[in-house]
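This is what each chain is made of:
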Amino acid sequence: MRLDKAVSSARGVSRSAARSLILGGQVCVDGIQVRDASCQVGAQSVIGLGADLIPGVEPAHQYLVYHKMLGEVCSREDAHHPLVFRHFNDNMRHPLMTVGRLDQDTTGLLLLTTDGRWSHRVRRPGHHHKCYEVTLSESCLDSVQDQVLAGVKLEDEHRPVQVQRIERMASNQFRLWIDEGRYHVVRRLWAALGYHVVGLHRSSLGPLHLDIELGQWRPLTQAEVDLF
Ligand code: URA
């Protein structure tokens, strides 16, 4: 784990406050002053903050990427549908949670973590575009791309949906990039234009691209975790 993260979770301060403490020369690792916030520390490291010792480092959090299957739901409980959580062993002290949600009929890239602060960072608006591959029940005119880029007003909602980029893949298939967390936003956007989505797949989230088979998962590397 990075030193700034260890200090931030042990002291309940933000990462930037932890970095200031480190840069200010207030943190020692194994008796040596360290001013590099990215220095790696483990459960055996003795971290000193001013005159205090930070006892042990919290057990490492989990950061996973999963290729969600059709029909699975991201809820904690559902008597009628399989849960995405059935693939993972849960640790009750640090429960695994999904980072945002994909709906039951959507496949693709889903992140899961035990680290609430990280989840919050990933979901911050304006930071990480998600790419969705959309299949419509019928083909549509070229002008639909301009309509989408102009912003689409959803029924009963004030703020239009803003799509950053859209590419046509086939007469009824598009790839679009969006930075939105609203409920069923992609399906509702197309419904507002008179089209029905019959297939929806998330292929990337920010800098992460799906690189595993349907139903598979893998831990993120530390470098991937640090991208957010
Ligand atoms: N938009 C949707 O409509 N569904 C999803 O699962 C994600 C975005």
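Parameters at a glance
Residues numbered from 1 in each chain as written. Predicted model: local features only at pLDDT ≥ 70, side-chain atom pairs only at ≥ 80, totals over all residues. Heavy atoms only, no water. Helix = DSSP H or I, 4+ residues; strand = E, 2+ residues; numbered from the N terminus. Buried < 20%, exposed > 50% of the residue type's maximum accessible area, 1.4 Å probe, protein only. Contact = heavy atoms within 4.5 Å. Areas by Shrake-Rupley, 256 points an atom, 1.4 Å probe, with all protein chains shown as cover. Lys, Arg positive; Asp, Glu negative; His and termini not counted. Charge placed at Lys NZ, Arg CZ, Asp CG, Glu CD. Near = heavy atom within 4 Å. Polar contact = N/O pair within 3.5 Å; in protein donor to acceptor, adjacent residues only side chain to side chain. Axes fitted to C-alpha atoms, helices over the stretch in contact; angles between N-to-C directions. Parallel < 35°, antiparallel > 145°, perpendicular 65-115°, else oblique. Left-handed = near helix turned anticlockwise from the far one by under 90°. Nonpolar A, V, L, I, M, F, W, Y, C, P; charged D, E, K, R; others polar. Domains from an automatic or database assignment. Buried area = accessible area lost by both parts, 1.4 Å probe. Salt bridge = Lys/Arg side-chain N within 4 Å of Asp/Glu carboxyl O.

### Describing the overall build of the protein
When you go through the protein residue by residue, the secondary structure sums to six helices and 13 strands. For the protein, the C-alpha atoms occupy an extent of roughly 65 × 40 × 30 Å along the three principal directions. Residue burial in the protein is summarised as follows: out of 228 residues, 45% are buried. Across the protein, the fraction of contacts at a sequence separation of at least 24, relative to all contacts at a separation of at least 6, is 58%. For the protein, the exposed surface amounts to about 12,100 Å²; the carbon and sulfur share of it is 52%. When the 26 basic and 26 acidic side-chain charges of the protein are each reduced to a single mean position, those positions are 5 Å apart.

### Quick notes on the site of the ligand
As a matter of local geometry, the ligand sits amid Leu102, Asp103, Thr106, Tyr132, His184, Val185, Val186, Arg187 and Leu200. Side-chain polar atom of Asp103 to a nitrogen atom of the ligand: 2.6 Å apart, as the coordinates give it. Arg187 is positioned such that a nitrogen or oxygen atom in its backbone is 3.1 Å from an oxygen atom of the ligand. Coverage of the ligand by the protein chains reaches 95% of its 240 Å² of free accessible surface.

### Quick notes on the packing of helix α1 (residues 3-11) against helix α2 (residues 15-23)
Where α1 meets α2, the closest approach of the two axes is 8 Å, and the angle between their N-to-C directions is 115°. Of the possible angle classes, the one that applies to α1 and α2 is roughly perpendicular. Crossing angle aside, the handedness with which α1 passes α2 is right-handed. When α1 is examined against α2, the residues Leu3, Asp4, Lys5, Val7 and Ser8 are found in contact with a partner set consisting of Arg15, Ala18, Arg19, Leu21 and Ile22. Looking at the contact of α1 with α2 residue by residue, the classes come out as five nonpolar, one polar and four charged.

### Re the domain arrangement of the protein
A common way to express how large an interface is: the accessible area buried when the components associate. Domain annotation of the protein identifies domain 1 (3-49), domain 2 (63-124 + 208-225) and domain 3 (130-205). Just the C-alpha atoms count here: the centres of domain 1 and domain 2 sit 29 Å apart. Every contact between the two is made by seven residues of domain 1 and, on the other side, five residues of domain 2. On the domain 1 side of the interface with domain 2, the three residues burying the most area are Lys5, Arg15 and Gln40, jointly 72% of the side's total. At the boundary of domain 1 with domain 2, the tally comes to one salt bridge. At the junction of domain 1 and domain 2, the tally comes to three residue pairs in polar contact (both at pLDDT 80 or more).

### Re the pattern of salt bridges
This structure, assessed with the given rule, holds 16 salt bridges. Measuring nitrogen to oxygen at the nearest pair gives 3.5 Å for the salt bridge that ties Arg159 to Glu180. On the criterion of sequence distance, the pair formed by Arg159 in the loop between α4 (143-149) and β9 (163-170) and Glu180 in the loop between β10 (173-178) and α5 (185-192) is long-range, its members being 21 residues apart. Residues Asp211 and Arg218 are paired through a salt bridge, measuring 3.1 Å at the closest nitrogen-oxygen approach. Looking at Asp211, the relative accessible area reads 52%, which means it is exposed. It is possible to trace a salt-bridge network through shared partners that takes in Glu157, Arg159, Glu180, Arg182 and Arg188.

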